[in-house]
Amino acid sequence: MKYLKYITIAILIFSSQSCSDFLEQEPGTQTSIDELLQTKQGVLTALKGLYRDIEANVRGERFAVYSDLQGGNIKFTPTSSGSSKGVITPATNIEEVYAFEDLAETSNFQSFYDGNYRIINQANLILEYTPALTDATDAEKNQIKAEALTIRAYAHFLLSLVYSQNYGYTADASHLGIVYSTESIKAGIKYPARKTVAETYSLIVTDLKTAIDNYSDSQLMDGPSYSYFNKNNSKALLARVYLYQKDWTNAYEMANDVITNSGVSLVSSSNYLSQWAQPDLPVSEVLLEFSIPKDSEGLAGSSMATYFGYNSTTYAKYVASDDLTNLYENNDIRKQLFTTASLSTLVNGVLTGVNFNFTKKFQDNAGYVAFRLSEMYLVRAEAALETNKPDLAMADINTIRARANASLLTTTLNLKEDILSERRKELCFEGHLFFDLTRNQKGVSRNDGCISNNCSITYPSLKFVLPIPTYNINLNENLQQNESY
């Protein structure tokens, strides 16, 4: 068994050192890591490829719909044709996860787990090779270091959300976090144990603070600035991390920094709907969007519309639940971000036209929205409330509500619930709801359209985290499985 383990690890090292598809130069040829990462251009080629890997991992169906689906913002559409026409079933890629019954042996999220650690390994390789570059200035090397550190922190943060209970699950966050990798596999084979959640978050914060100190104002790669990590959106990530860590003072200060100093403004009420509807471009208040890859002719590959798209002839698998749409006031312009379509649905054995609400947020060539400025207002509001500044919190919530033409809050009596509700309405389909519920130690209640045996689960639950895939457990004798798996 040990012999087989070493063979498998050797294969993984070879795979990792090939650094995935971004080292492909032309059909049938590859460049070795040692050769590629000797020059600034080679490192930038590797870094740009790493962004493609991140985009593929977060925009992949599993993670792209996970938090909204588990939390109750999303339900499924009926099959559009064939012998199963009108039947509503879960998507194959998330069937067990949706039911809170994922299995370690055949985990729906195996590719997500492996993908993040490949990303981390590649970021570590870039960090290890960059200091020795002879054709890059110190400022350029610092910028590369900053982006790689941010990527490393981001991937670890995503893993902690899915595989670790929320920060407040134990009083001192001493429960299991994740393996935090700061060296590439090239540096040698190791069998690390999982850190505690407190240690995991401390390492994430350290990486991000170091990154922020190293960013310059110059972008090293071609393309829109919102497609890459920079000082502003790294601060947005750090604000989110502080929020999840319940470090309210730092969450407030970091979100306030982004709001005040990023140079990005909230989209106006008059442009809110049209900006979400524009093809190819994100809304102007986006801080980071992992834009979809395009071929040499500018044609886009898979996008978020794969999951949420709708037109007169075809439609995707995921739509808004009534649990979500019923939260909006009639005058709220965000209610217009849904289009209603009647779909043939099998009801009591008869095909019947049933209305479904498709989001307009992710049509055409929509990329994965990682951070928007409106989230920073909501982070600042929650942090203000938790630091005994309810009036400031209410002012930030009202900024978002006023933009949406919703009625303004006039009391702070139920402000905590108001903030969570506003996050659900404003940030729907952007990957927040389930994580918002668990970090606030709330259960899941999925009503409209739920086709699982587990539609309502109270907090705490061992099923609020996924199993580490058995394959990975078998590779590392020090890797402890999540309880109940």
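Procedures and definitions
Residues numbered from 1 in each chain as written. Predicted model: local features only at pLDDT ≥ 70, side-chain atom pairs only at ≥ 80, totals over all residues. Heavy atoms only, no water. Helix = DSSP H or I, 4+ residues; strand = E, 2+ residues; numbered from the N terminus. Rg over C-alpha atoms; globule rule 2.2 N^0.38 Å. Buried < 20%, exposed > 50% of the residue type's maximum accessible area, 1.4 Å probe, protein only. Contact = heavy atoms within 4.5 Å. Areas by Shrake-Rupley, 256 points an atom, 1.4 Å probe, with all protein chains shown as cover. Lys, Arg positive; Asp, Glu negative; His and termini not counted. Charge placed at Lys NZ, Arg CZ, Asp CG, Glu CD. Salt bridge = Lys/Arg side-chain N within 4 Å of Asp/Glu carboxyl O. Phe/Tyr/Trp six-rings, centres within 6.5 Å; stacked < 30°, edge-to-face > 60°. Lys NZ or Arg CZ within 6 Å of the ring centre and 35° of its normal. Polar contact = N/O pair within 3.5 Å; in protein donor to acceptor, adjacent residues only side chain to side chain.

## Thoughts on the overall build of the protein
Along the backbone of the protein there are 18 helices and ten strands. Here the C-alpha atoms of the protein give a radius of gyration of 22 Å, agreeing with the 23 Å that 2.2 N^0.38 yields for 485 residues. Each of the 485 residues in the protein was classed as buried or not, and the buried ones make up 55%. For the protein, the proportion of contacts with a sequence separation of at least 24, taken over those separated by at least 6, is 70%. As displayed, the protein has an accessible area near 20100 Å², and 49% of this comes from carbon and sulfur atoms. Charge centroids of the protein, computed over 41 positive and 54 negative side chains, lie 3 Å from each other.

## Some words on the pattern of salt bridges
Here the structure, examined in full by the defined rule, presents 28 salt bridges. For D257, the salt bridge goes to K235, with nearest N and O atoms at 3.1 Å. Taken together, the positions of D257 in helix α10 (residues 248–261) and K235 in helix α9 (residues 231–245) put the pair 22 residues apart, joining distant regions of the chain. The pair formed by D257 and K235 is uniform in burial state, with each residue classed as buried. Taking the shortest distance from any N to any O, the salt bridge between E430 and R372 comes out at 2.8 Å. Of the two residues, E430 is situated in the loop between α16 (415–426) and α17 (433–439) and R372 in strand β8 (residues 368–372); the sequence distance between them amounts to 58 residues. On the basis of relative accessibility, which here comes to 5%, the residue E430 falls in the buried class. The buried category is assigned to R372, whose relative accessible area is 1%.

## What to know about the packing of aromatic side chains
Under the counting rule described, the total for this entry stands at 31 aromatic pairs. Ring geometry for F100 versus F464: centroids 6.0 Å apart, planes at 55 degrees, classification tilted. Of the two residues, F100 sits in the loop between α5 (95–98) and α6 (110–129) while F464 sits in the loop between β10 (456–457) and α18 (470–475), which places them 364 residues apart along the sequence. Note on F464: relative accessible area 2%, which makes it buried. Both rings, one in F229 and one in F290, keep their centres 6.0 Å apart while their planes meet at 70 degrees; by these two values the pair is edge-to-face. Of the two residues, F229 is situated in the loop between α8 (197–214) and α9 and F290 in strand β4 (residues 286–290); the sequence distance between them amounts to 61 residues. The pair formed by F229 and F290 is uniform in burial state, with each residue classed as buried. Through pairs of rings, three or more aromatic residues link up here, namely F63, Y66, F100, F109, F112, F434, F435, Y459 and F464. Residue placement shows K389 over the ring face of Y252; its charged tip is 4.9 Å from the ring centre. Geometry around Y244 places R439 over its ring, the cationic atom sitting 5.2 Å from the centre.

## Points about the environment of E183
Residue placement: E183 occurs in the loop between α7 (138–163) and α8. As for E183 and N348, which are separated by 165 residues in sequence, their C-alpha atoms are 57 Å apart. Every residue in contact with E183, bar those within four places of it in the chain, is listed here: N124, E128 and K190. There is a polar contact of 2.3 Å between the side chain of E183 and the side chain of K190.

## Overview of the side chain of S181
Along the chain, the position of S181 falls in the loop between α7 and α8. Contacts of S181, omitting those with residues within four sequence positions, involve I120, N124, R152 and H156.

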